[in-house]
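Residue-level structural notes
One letter stands for each residue in the lines below.
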Amino acid sequence: MEDIAGRIEREVASWDGVTAHPHRFGGVEFRLGRRELGHLHGERWADLPFHKTIRNMLVETGRAQPHHVLPESGWVSKQIRSDADVDEVIELFRLSYERARVARSVRESRTEILEPGSLSEPGS
């Protein structure tokens, strides 16, 4: 039977462009390109980065708690105690993933606009 961390890693790493790496403090880290989506500390904790407004909403609604080491940051932590928590952790990673995809798309659009020859000449 697959362990909790294995279930989460299998799901999150299956998303387009996501890679899994050893995390510097132990566990596994998930990235989209160079952007970290979050990481697992074994089978009991997940930590994910968000803008503070989203972090506050996640904490206020009980979906996550302030980060266990950096409680004033935009990071959240989610303790994993049950199968329902596994599903919630996957949903939090999905939220982080979708936000990273949007940010990547915006960055790529800006790069296209700034590249020489990417804008049409007036009257063409």
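Now for a look at the structure at hand. (Residues numbered from 1 in each chain as written. Predicted model: local features only at pLDDT ≥ 70, side-chain atom pairs only at ≥ 80, totals over all residues. Heavy atoms only, no water.)

1. Digging into the environment of Glu36
Inspection of the secondary structure assignment puts Glu36 in strand β3 (residues 35-41). For the pair Glu36 and Tyr97, spaced 61 residues apart in the sequence, the C-alpha separation amounts to 9.1 Å. Beyond its immediate stretch of four places on either side in the chain, Glu36 contacts His23, Glu29, Phe30, Arg31, Pro49 and Trp75. Polar side-chain contacts of Glu36 include one of 2.5 Å to the side chain of His39. (Helix = DSSP H or I, 4+ residues; strand = E, 2+ residues; numbered from the N terminus. Contact = heavy atoms within 4.5 Å. Polar contact = N/O pair within 3.5 Å; in protein donor to acceptor, adjacent residues only side chain to side chain.)

2. Points about the packing of aromatic side chains
Scanning the entire structure with this criterion turns up two aromatic pairs. When the centroid spacing of 5.3 Å and the interplanar angle of 40° are considered together, the rings of Trp15 and Tyr97 count as tilted. Linking Trp15 in the loop between α1 (4-13) and β1 (18-22) with Tyr97 in helix α3 (residues 83-114), this pair joins segments that are 82 residues apart in sequence. Geometry around Trp15 places Arg94 over its ring, the cationic atom sitting 4.1 Å from the centre. (Phe/Tyr/Trp six-rings, centres within 6.5 Å; stacked < 30°, edge-to-face > 60°. Lys NZ or Arg CZ within 6 Å of the ring centre and 35° of its normal.)

3. Concerning the sheet that holds strand β2 (residues 28-32)
Strand order in the open sheet made by the six strands is β1-β2-β3-β4-β6-β5, with antiparallel pairing throughout. The sheet is open, and its two borders are formed by β1 and β5 (65-66), each paired with just one other strand. Judged from the three bridges that link them, β3 and strand β4 (residues 45-49) form a sheet pairing that is antiparallel. Along β4, the bridge assignment pairs His41 with Trp45. With respect to the sheet, α1 is in contact with β1, β2 and β3, its orientation differing from that of β2 by roughly 10°. Those strands touched by helix α2 (residues 52-60) are β5 and β6 (75-79), and its axis lies near 25° from that of β6. (Pairing = 2+ DSSP bridges. Axes fitted to C-alpha atoms, helices over the stretch in contact; angles between N-to-C directions.)

4. Some words on the side chain of Asp85
Assignment of secondary structure puts Asp85 in helix α3. A relative accessible area of 13% means that Asp85 is categorised as buried. There is a polar contact of 2.8 Å between the side chain of Asp85 and the backbone nitrogen of Arg81. Discounting chain neighbours no more than four positions away, the residues touching Asp85 are Lys78, Gln79 and Ile80. (Buried < 20%, exposed > 50% of the residue type's maximum accessible area, 1.4 Å probe, protein only.)

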